Amino acid sequence: MNGLPDLPTKFDVIIVGAGPSGSSAAYLLAKKGFKVLLIERGRGLGDKNLYGGRVYAPPIREVWPQLDKEAPIQRWVTKERISMVQGDKAITFEYKAEKKISFVSYLTQLTQWMSKKAEDAGALFVTEVTIDEIVMKDGKAVGVRSGPDFIEADVVVDAEGVNRLLLERLGIVERLKPDNIALGVKEILKVGANNIESSFNLNPDEGVAWVIMGDITKGLPGGGFIYTNKDSISMGLVLHLKHSIDFIQNGKFDEHVSKLIEEFRFHPYFKPYWKDAIISEYGAHLTIEGATHFMPQKFAYPGLLIVGDAAGLLLSTGYTFRGVDYAVYSGKLAAEAVEFARNNGGFTYENLQIYDKNVRSSFMYNELFKHRGAEQLMNDPILMSKYPSILIKVMEKMFEGEYKQETVYDALMQALKEEKVGPFDLISQAFGLVKSI
Amino acid sequence: MRIIVGMKWVPGTTSVRIDPKTGTLIREGVPSIVNPHDMPAIELALQLKDAYGGEVIALTMSPPPAIRGLEYLIGMGVDRAILVSDRVYAGADTLATSYVLAKAIEKIDKEIGKVDLVVFGQETIDSSTAHIGAQTASWLDWPYIYYAHSAKLIDNNKILVERVLENAIEDWEVDLPAVIATHMKALKPRPVRLLNKIRYKVEKPLTTWTNNELKLDPRCTGLKGSPTIVAKTVDVPEVPRKKVIYTPKDGEDAAKWLIKTLMEDEKASKALIKALKEGGGK
């Protein structure tokens, strides 16, 4: 049929996408003796990932107990910073944590590590191949097609990531809408390990995760971030697309995103951290916001399981993003469902539905619904520019009085008046914010 | 037909930066790729195989990371690949490289089967010498045609090669075995195929030859076998830039601002006035 006899054209499981979710599912299934084909569109392993940021370890350790010892971890996050910025002024909170809950990593390196493990465990791993469609027969996924080649499988795991071309073609999800999408732009600035440790006041394997609010995005809904790698700093912006488009259409904003990140890099409050640095990499990536709207109707279809970003399993609360650990965990649930099906009479839709059930009863689903109002609030331009502005004004009145200094109470009342916010509005809005984030 | 196609694994950019302190290339963060100008050569070899049957063997002399490039070629449909890799081949100029390649081709011809055709790309993006095809043909004493756009077999031991030049199209009848180099714009390469990639993983149709297999005199290979002498490299010092960003209202504003800013600078204004005088400007 294919002119290449003696090649396997039938697998137990085909996994499309070798990111954290796909690699985790492939690793667990291969270890259990399933015949697995893991297919990656990128050139290397997980080439399409740009995320260089914070990854939460506990759910990942459930699949990869060797994570802490073996994985390419840049630094463990022991310091959390949140800054509010207005013009050149800034307020920063810092929290020094005790436990090693999250680490900074380049996702390309982390997924390379994972997919290599999957291959070592026996998964057949191919790169540089784009899958054109998940092939359906009588309403059931039966394999994948790439160009002229069809490969058959009992179960197809869709781990294609945020841009779900395959699921769109199947009519399972709609085209990406700006409402659910944020644009991340990032630069990696080489500064040297010693500089990082002295300027952030860190021990050698410790790192900082830093979230920046206020007018660092020039009023666009979104925020800035800074993460410390071993010898470089990742910095960048996340912008909510829907609101950004509105802003541009209403003439409130007409600058290119590259200029925004440039201004962030030259900001007098942050610039000293990367003085004399070389920009070693830059790029952009899409990420999910409003995950609960982004989810497919079901996580399991006949012959098909949807994992990771493709399943909308990414939590964004405005101050934390959790996608990698959710992806790994969903890969684990998918692998368990496949195993369950094999042990219970076959890969029927009935058996595979346990995946859907387990996702819905997992901590991920619970968390996503608990925080579901957060993106909306965090993207509320008034809320996100007004509060930093009030706080900054309070600080200004307290600390920048040349002859007299205001009491905290007077400073707050004056600031509220200047920003035209009543004290009761402040309390009720703050309560709404605290409740959902 | 048995066709050998040459491949070079090169840094994936034409603007590799140079470390100002050491004068060496900064390879960090620059992933390597199959030399893009080799792609038409690979496509031509595969088209000839599609038309006349036989096999296509990819050949490279390189450190082992080039295996990723060979995997890509097998993904496109190349039947097998040979990596020639040994420390004594390191530091080779084009003469020493083509010598090793020619000896590898002779070994293929003797041990795997009669070689009919060798195809190279026009040149590489990292050194642009275009020497390898011609030199390999010389070592083998086989005819050589370059800037090839297409080729077809006209009888069992003859091909017709079409060269497209700036002002002429030439057809050449060439006796086999022969070496040809394709024009960089000759053919669009085919994409990799899923089944070919699976085949690569299952069958691993890849052989590595070191100097244990080729048994070449180390005086003729690598740095020792390279008569090219880099007499001097001129390090062009980086000019400190002012890095001013100006957002003009329109083209006229941009021009005015540029002239004004340049005229304020002593050096720039002199250069500008000189250029205007020489160019006959006002």
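Residues numbered from 1 in each chain as written. Chains lettered and ligands numbered in written order. Predicted model: local features only at pLDDT ≥ 70, side-chain atom pairs only at ≥ 80, totals over all residues. Heavy atoms only, no water.

As for the interface of chain A and chain B
Rules: In this description, contact between two residues means that some pair of their heavy atoms is separated by no more than 4.5 Å. As a working definition, buried area equals the accessible area (1.4 Å probe) given up by two parts on being put together, with both sides summed. Basic side-chain nitrogens of Lys or Arg form a salt bridge, by our definition, when they fall within 4 Å of a carboxyl oxygen of Asp or Glu. Throughout this description, a polar contact denotes any pair of N or O atoms lying within 3.5 Å of each other; where both atoms belong to protein, one of them has to be capable of donating a hydrogen while the other can accept it, and for residues adjacent in sequence the pair is counted only when both atoms sit in side chains. Put simply, DSSP H or I for four residues or longer makes a helix, DSSP E for two residues or longer makes a strand, and each gets a number counted from the N terminus.
Taken together, the contact between chain A and chain B spans 26 residues of the former and 22 residues of the latter. Taken over both partners, the interface formed by chain A and chain B buries close to 2000 Å², and the fraction arising from carbon and sulfur atoms is 61%. Counting across the chain A and chain B interface gives 3 salt bridges. Two residues, Lys201(B) and Glu119(A), come together in a salt bridge whose shortest N-O distance is 2.6 Å. Here chain A is connected to chain B by 8 residue pairs in polar contact (both at pLDDT 80 or more). Taken together, the elements giving at least two residues each to the side of chain A that touches chain B come down to strand 2 (36-39), strand 7 (124-126), strand 10 (149-158) and helix 8 (257-265) of chain A.

Quick notes on the pattern of salt bridges
Where side chains of opposite charge bring their charged atoms close, a pairing between them can arise. Residues and elements named next belong to chain A. Condition: A simple rule labels every residue: compare its accessible area, found with a 1.4 Å probe on the protein chains alone, to the largest value its type can have, and call it buried under 20%, exposed over 50%, or partly exposed in between.
Summed over all chains, the structure comprises 47 salt bridges over all chains. Glutamate 94 is paired through a salt bridge with arginine 81; the nearest N and O atoms lie 2.7 Å apart. Of this pair, glutamate 94 sits in strand 5 (residues 89-96) while arginine 81 sits in strand 4 (residues 75-86), and the two are 13 residues apart along the sequence. A relative accessible area of 40% means that glutamate 94 is categorised as partly exposed. Judged by its relative accessible area of 9%, arginine 81 falls in the buried class. Between lysine 393 and glutamate 419 there is a salt bridge; the shortest N-O distance is 2.8 Å. Here lysine 393, found in helix 14 (residues 381-399), pairs with glutamate 419, found in the loop between helix 15 (408-418) and helix 16 (423-436); they are 26 residues apart in sequence, far enough to count as distant.

Re the sheet that holds strand 10 (residues 178-182) of chain B
Residue and element names in this part refer to chain B. Short version of the rule: At least two DSSP bridges between two strands are required for those strands to pair. The axes used here are C-alpha line fits, helices contributing only the stretch in contact, and every angle between their N-to-C directions lies in the interval 0 to 180 degrees.
Strand order in the open sheet formed by 9 strands is 9-8-7-10-6-1-4-5-11, with mixed pairing between adjacent strands. The open sheet has two edge strands, strand 9 (169-175) and strand 11 (206-209), and neither has a second partner. Ignoring which end each strand starts from, the neighbouring axes of this sheet average 30° apart. Summarising the sheet, strand 7 (residues 144-155) and strand 10 pair through 3 bridges and their orientation is parallel.

A word on the domain arrangement of chain B
As a reminder of what qualifies: In this document the domain limits rely on a domain assignment from an automatic tool or a database.
Under the domain assignment used here, chain B contains domain 1 (2-220) and domain 2 (242-282). When each unit is reduced to the centre of its C-alpha atoms, the spacing between domain 1 of chain B and domain 2 of chain B is 48 Å.

Considerations on the packing of aromatic side chains
Defined as follows: In this scheme Phe, Tyr and Trp rings, the latter by its six-membered ring, pair at centre separations within 6.5 Å, and the angle between planes marks the pair as stacked below 30 degrees, edge-to-face above 60, and tilted otherwise. Comment: the charge-over-ring label is applied if NZ (Lys) or CZ (Arg) is within 6 Å of the ring centre and within 35 degrees of the ring normal.
Throughout the structure, instances matching the rule amount to 20 aromatic pairs over all chains. Note on Tyr27(A) and Trp64(A): the rings are 4.2 Å apart at their centroids and 15° apart in plane angle, and the pair reads as stacked. With Tyr27(A) in helix 1 (residues 20-31) and Trp64(A) in the loop between helix 2 (58-63) and helix 3 (67-70), this residue pair connects regions lying 37 residues apart in the sequence. A residue is classified by how much of its surface remains accessible, and Tyr27(A), at 8% relative accessible area, is buried. Members of the aromatic cluster, joined through ring pairs, are Phe200(A), Trp210(A), Phe264(A), Tyr269(A), Phe270(A), Tyr273(A) and Trp274(A). A cation over a ring is seen here: Lys35(A) above Phe11(A), with NZ or CZ 5.1 Å from the ring centre. One cation-aromatic arrangement involves Arg163(B) over Tyr146(B); the distance from NZ or CZ to the ring centre is 4.7 Å.

A look at the nonpolar core
Generally speaking, nonpolar side chains in soluble globular proteins are found buried as a group. Heads up, the rule is: Side-chain atoms within 4.5 Å are what join buried Ala, Val, Leu, Ile, Met, Phe, Trp, Tyr and Cys residues into a set we call a nonpolar core.
Formed by 128 residues in total, the largest nonpolar core has its most connected members in Ile15(A), Leu110(A), Leu305(A), Tyr355(A) and Leu117(B). Per-element tally for this core: the top contributor is helix 10 (residues 324-343) of chain A, with 10 residues. Not counting residues within four places of it along the chain, the set of residues in contact with Leu110(A) comprises Val55(A), Leu67(A), Ala71(A), Pro72(A), Phe103(A), Ser105(A) and Val324(A). Counting 25 residues, the second-largest nonpolar core is a separate cluster that includes Leu189(A), Phe247(A), Phe253(A) and Phe270(A).

Some points on the domain arrangement of chain A
For interface size, the figure often reported is the accessible area lost on association. You can read the domains of chain A as domain 1 (10-73 + 103-176 + 291-371), domain 2 (179-288) and domain 3 (380-436). Between domain 2 of chain A and domain 3 of chain A, the C-alpha centre-to-centre distance is 25 Å.

Description of unusual backbone geometry
Residues Leu176(B) and Pro177(B) are joined by a peptide bond in cis, for which omega reads -5°. For Pro177(B), the position within the fold is in the loop between strand 9 and strand 10. The residue Asn201(A) is not glycine, and still its phi comes out positive at about 60°. The residue Asn201(A) is located in the loop between helix 6 (193-199) and strand 12 (206-214) in this model. Of note, the phi angle at Asp276(A) is positive, near 60°, even though the residue is not glycine.

Remarks on helix 7 (residues 251-264) of chain B
Definition in use: The span you would expect from a helix comes to 1.5 Å times its residue count less one.
When the terminal C-alpha atoms of helix 7 of chain B are compared, their 20 Å separation across 14 residues agrees well with the 20 Å that a helix rising 1.5 Å per residue should span. The distance from a side-chain oxygen at the start of helix 7 of chain B to the backbone nitrogen of Glu252(B) is 3.3 Å, and the residue carrying that oxygen is Asp250(B).

Looking at the environment of Leu183(A)
Residues and elements named next belong to chain A. Mapped onto the fold, leucine 183 is located in strand 11 (residues 181-190). For the pair formed by leucine 183 and valine 238, sequence separation is 55 residues and the distance between their alpha carbons is 5.5 Å. Setting aside residues no more than four positions away along its own chain, leucine 183 makes contact with Leu237, Val238, Leu239, Leu241, Ala284, His285 and Leu286.

Remarks on the packing of helix 2 (residues 67-76) of chain B against helix 5 (residues 194-203) of chain B
All names here are of chain B. To keep things clear, this is the line we draw: Roughly parallel covers angles under 35 degrees, roughly antiparallel covers those over 145, roughly perpendicular covers 65 to 115, and oblique covers all other angles. Each crossing gets its handedness from the near helix: less than a right angle anticlockwise from the far helix is left-handed, clockwise is right-handed.
At a closest axis distance of 7 Å, the pairing of helix 2 and helix 5 adopts a crossing angle of 130°. Considering their axes alone, helix 2 and helix 5 lie oblique with respect to each other. Regarding helix 2 and helix 5, the two cross each other, and that crossing is right-handed. In this structure, helix 2 uses Ile67, Glu71, Ile74, Gly75 and Met76 to contact helix 5, whose residues at the interface are Asn196, Lys197, Arg199, Tyr200 and Lys201.

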